[in-house]
Amino acid sequence: PPKTEKYRMVTNGGICMNYLIGIDVGTSATKTVLFDENGQIKGSVSCEYPLYQPENGWAEQKAEDWRDAVLKTLKEVMEVSGVPAEEVKGIGISGQMHGLVMLDEQGEVLRPSIIWCDQRTGEGTVDPDHSESAVNWLDSSKDPLGQEA
């Protein structure tokens, strides 16, 4: 086999490749893809989760749903691909923007995340597309969690 850092010998005499995982935590689902060093897809898994709309114009998601989807898709993409975990050399993560996740002093999630497409913050706030607007809304609303974060 070639004498480069990207190849190594394994006990069965074959050549193993390095792999990378990409994780996209999107608005409707998390998608996890495993690539070989040539950019070829070796496994792809997605897991959908709900969008909660407790009132008209509101859009919330649970951080726990995101976490669970990431863990589930990571496990499944490794199973589907058959790639040994030690051959994964890096993980890249992307996610939806402007999602406010409020935590208490112990790092526990206080409430569902107010996400980018939520419309409740549009009136009388700085910018409806930023977490600052959601914080301002929580401060001015009767939501008791606005005071805890």
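Position numbers for residues start from 1 in each chain and track the written sequence from start to end. Residues qualify for local features only when their pLDDT is at least 70, as the model is predicted, and side-chain atom pairs are given and counted only at 80 or more; totals for whole chains, interfaces and linings, by contrast, use all residues. Side-chain numbers come from the whole structure's heavy atoms, not from hydrogens or water.

**Things to note about the overall build of the protein chain**
Here is step 1 of the chain: A count of helices and strands for the protein chain gives three helices and eight strands.
Here is step 2 of the chain: Starting at the N terminus and ending at the C terminus, the protein chain contains elements arranged as β-β-β-β-β-β-α-β-β-α-α.
Here is step 3 of the chain: When checking whether two residues touch, look at their non-hydrogen atoms; a contact exists if any pair is within 4.5 Å. Put simply, 49% of the contacts in the protein chain that link residues at least 6 apart link residues at least 24 apart.
Here is step 4 of the chain: For the protein chain, the exposed area adds up to about 9200 Å²; of that, 52% sits on carbon and sulfur atoms. Here a helix means four or more residues in a row that DSSP labels H or I, a strand means two or more in a row labelled E, and each is numbered from the N terminus. Here the Shrake-Rupley method, with its probe set to 1.4 Å, supplies the accessible areas, and only the displayed protein chains count as covering residues.

**Concerning the pattern of salt bridges**
Here is step 1 of the chain: Whenever Lys or Arg places a side-chain nitrogen within 4 Å of a carboxyl oxygen from Asp or Glu, that contact is recorded as a salt bridge. Under the definition given, this model contains five salt bridges.
Here is step 2 of the chain: With a closest N to O distance of 3.2 Å, Lys-72 and Glu-76 form a salt bridge. Taken together, the residues Lys-72 and Glu-76, both in helix H1 (residues 63-81) and four residues apart, mark about one turn of the helix.
Here is step 3 of the chain: For Lys-72, a relative accessible area of 38% gives the class partly exposed. Each residue's exposure class comes from its accessible area (1.4 Å probe, protein chains only) as a fraction of the maximum for that residue type: buried when under 20%, exposed when over 50%, partly exposed otherwise.

**Thoughts on the nonpolar core**
Here is step 1 of the chain: Residue types Ala, Val, Leu, Ile, Met, Phe, Trp, Tyr and Cys, when buried and joined through side-chain atoms within 4.5 Å, form a set referred to as a nonpolar core. One finds Leu-34, Met-78 and Val-88 to be the most contacted residues of the largest nonpolar core, which totals 19 residues.
Here is step 2 of the chain: Counting residues per element, the ones that place at least two in this core are strand E3 (19-25), strand E5 (41-48) and H1.
Here is step 3 of the chain: Counting residues per element, this core draws most heavily on H1, at six residues.
Here is step 4 of the chain: If we ignore the near neighbours within four places in the chain, the residues touching Val-88 are Tyr-19, Ile-21, Leu-34, Met-78 and Val-83.

**Topic: the sheet that holds E3**
Here is step 1 of the chain: With mixed pairing, four strands are arranged side by side in an open sheet as E5-E4-E3-E7. Lying at the two open borders of the sheet, with one neighbouring strand each, are E5 and strand E7 (88-95). The mean angle between the axes of side-by-side strands here comes to 10°, regardless of whether they run parallel or antiparallel.
Here is step 2 of the chain: Where strand E4 (residues 29-36) and E5 come together, seven bridges link them in antiparallel fashion. Looking at the pairing, Val-33 lines up with Ser-44 of E5. One bridge is not enough; two strands pair if DSSP finds at least two bridges between them. Here an axis means a line fitted to C-alpha atoms, over the contact stretch when the element is a helix, while the angle between two N-to-C directions is reported on a 0 to 180 degree scale.

**Side note on the side chain of Gln-61**
Here is step 1 of the chain: With respect to the helices and strands, the residue Gln-61 is situated in strand E6 (residues 60-61).
Here is step 2 of the chain: Its relative accessible area of 1% is what places Gln-61 among the buried residues.
Here is step 3 of the chain: In terms of polar contacts, Gln-61 uses its side chain to reach the backbone carbonyl oxygen of Thr-27, at 2.5 Å. Any pair of N or O atoms that falls within 3.5 Å is considered a polar contact. Within protein, one atom must be able to donate a hydrogen and the other to accept it, and sequence-neighbouring residues count only if both atoms are side-chain atoms.

**Here's the deal with the pairing of E3**
Here is step 1 of the chain: Side-chain alternation along E3 places Tyr-19, Ile-21, Ile-23 and Val-25 on a buried face and Leu-20, Gly-22 and Asp-24 on a face that remains uncovered.
Here is step 2 of the chain: As paired elements, E3 and E4 share seven bridges and run antiparallel to each other. Each bridged residue has a counterpart across the sheet, and for Ile-21 the counterpart in E4 is Leu-34.
Here is step 3 of the chain: The antiparallel pairing of E3 with E4 creates a hairpin that spans three residues between the two strands.

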